[in-house]
Amino acid sequence: MRYKIPALALFLLLIFNVCSARPYFGFGVGYTVKNIYTDIEGFVEDEKGVPLLGLGLGYGFNISIINLNLGTNMDFFGMDLVRGNREITLFVKPYVIASVQLRLKELSFSPLIGYGGIYKRRYIKESTYLKGENRYLNPANYEGKNIELLFGGMISYSDWFIPLFYCVKDIAVFHTFTLLVRTPVSELNTPYLNLTYTGGEETRTISLGLTFYR
């Protein structure tokens, strides 16, 4: 019995936090500024200009003075997925971030620490001849990841102008910057215009879209 009561209390607290969580959903478009990978033939490729579709989802929890956010953003491009020659480019950026909000009137600053990074996958089923470009696209089967401790910060001005930055210990390996903007007189359910840049030694992407909060 002595174990059941604390377990029940913890379960009810978890349910309360989940029910009171602030979910978000986003979508947009972008492109690959840089993506270095090695194909199955051992050639190093530097891919640029690939169009991307972006999706994002997550939850925000308030636990006392600590804000906990967890979610993921995904940039994806797929060509000819149903028929023979398949080409897939995928960037997934999961994160769990804890922050403490320091407020001064309408301006607030939140230092943050968390865990996350980027997972990327490049897959081409077989060699494909691209008409008009007069070249072959080498087959590739590559994946890589940089998932580790995150450090950064967020600034919010009256809940309508929010820059957010976080990176791993070596900023050159992985970092991302997001700017959320909407008009100062917006309702709470008005979506943010979302501009995101992700950078690193081998990967750079940029995207533009809308983010909706409950």
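The preceding data block contains the structure.
Here we summarise the structure given alongside this text.

Right, let's talk about the overall build of the chain for a bit. Helix and strand counts for the chain come out as one helix and 14 strands. Counting across all 214 residues of the chain, residues that qualify as buried make up 35%. Taking all contacts inside the chain whose residues are at least 6 apart in sequence as the whole, residues at least 24 apart take part in 51%. Carbon and sulfur atoms form 66% of the exposed surface of the chain, whose accessible area is close to 13,200 Å².

The next thing to look at is the packing of aromatic side chains. Each aromatic ring pair is characterised by the separation of its centres together with the angle its planes make. Across all of its chains, the model carries 10 aromatic pairs by this definition. On the numbers, 5.7 Å between centres and 85° between planes, the contact of Tyr192 with Tyr213 is edge-to-face. Taken together, the residues span a long stretch of sequence, with Tyr192 in strand 13 (residues 192-199) and Tyr213 in strand 14 (residues 203-213) at a distance of 21 residues. A residue is classified by how much of its surface remains accessible, and Tyr192, at 1% relative accessible area, is buried. Overall, the relative accessible area of 22% leaves Tyr213 in the partly exposed class. Of the aromatic side chains, those joined through ring pairs into one cluster are Tyr24, Tyr192 and Tyr213.

Within the largest apolar cluster, 12 residues are counted, these being Tyr24, Leu52, Phe91, Tyr95, Ile97, Leu112, Ile118, Leu150, Tyr166, Val168, Val173 and Phe174. Elements that contribute at least two residues to this core include exactly strand 5 (87-100) and strand 7 (107-124). It is strand 5 that provides the largest number of residues to this core, a total of three residues. Contacts of Val168, omitting those with residues within four sequence positions, involve Gly116, Glu148, Leu149, Leu150, Val173 and Phe174.

Take the pattern of salt bridges next. Summed over all chains, the structure comprises four salt bridges. Note that Arg122 and Glu47 form a salt bridge whose closest N and O atoms lie 2.4 Å from each other. One end of the pair, Arg122, is in strand 7; the other, Glu47, is in strand 2 (residues 44-47), and 75 residues separate them in sequence. Across the pair, exposure class does not vary: Arg122 and Glu47 are buried alike. Its salt-bridge partner being Arg182, residue Asp159 comes within 3.2 Å of it at the nearest N-O pair. Residue Asp159 is found in the loop between strand 10 (140-157) and strand 11 (161-167), and its partner Arg182 is found in the loop between strand 12 (175-181) and strand 13; the two are separated by 23 residues along the sequence. Taking the relative accessible area as the measure of exposure, Arg182 reaches 8% and is therefore buried.

Right, let's talk about the environment of Val173 for a bit. Within the element layout of this structure, Val173 appears in the loop between strand 11 and strand 12. Between the C-alpha atoms of Val173 and Glu202, which are 29 residues apart in sequence, the distance is 7.9 Å. Excluding anything up to four places from it in sequence, Val173 contacts Asn146, Val168, Gly199, Gly200 and Glu201.

Successive residues of a regular strand alternate their side chains across the two faces of the sheet. In the sheet, strand 1 (residues 22-38) pairs with strand 3 (residues 51-63) via 10 bridges, with the strands oriented antiparallel. Considered in strand 3, the bridge of Phe25 is made with Leu57. Relative to strand 14, strand 1 runs antiparallel, the two being bridged by 11 bridges. Across the sheet, the residue bridging to Gly30 is Ser207, located in strand 14. Where strand 1 lies against strand 2, four bridges are found, and the strand directions are antiparallel. Within the sheet, the bridge partner assigned to Thr38 lies in strand 2 and is Val44. Where strand 1 folds back onto strand 2 in an antiparallel hairpin, the turn is made up of five residues, including Gly42, whose phi is positive at roughly 90°.

Definitions and cut-offs
- Residues numbered from 1 in each chain as written.
- Predicted model: local features only at pLDDT ≥ 70, side-chain atom pairs only at ≥ 80, totals over all residues.
- Heavy atoms only, no water.
- Helix = DSSP H or I, 4+ residues; strand = E, 2+ residues; numbered from the N terminus.
- Buried < 20%, exposed > 50% of the residue type's maximum accessible area, 1.4 Å probe, protein only.
- Contact = heavy atoms within 4.5 Å.
- Areas by Shrake-Rupley, 256 points an atom, 1.4 Å probe, with all protein chains shown as cover.
- Phe/Tyr/Trp six-rings, centres within 6.5 Å; stacked < 30°, edge-to-face > 60°.
- Core = buried A, V, L, I, M, F, W, Y, C linked by side-chain atoms within 4.5 Å.
- Salt bridge = Lys/Arg side-chain N within 4 Å of Asp/Glu carboxyl O.
- Pairing = 2+ DSSP bridges.

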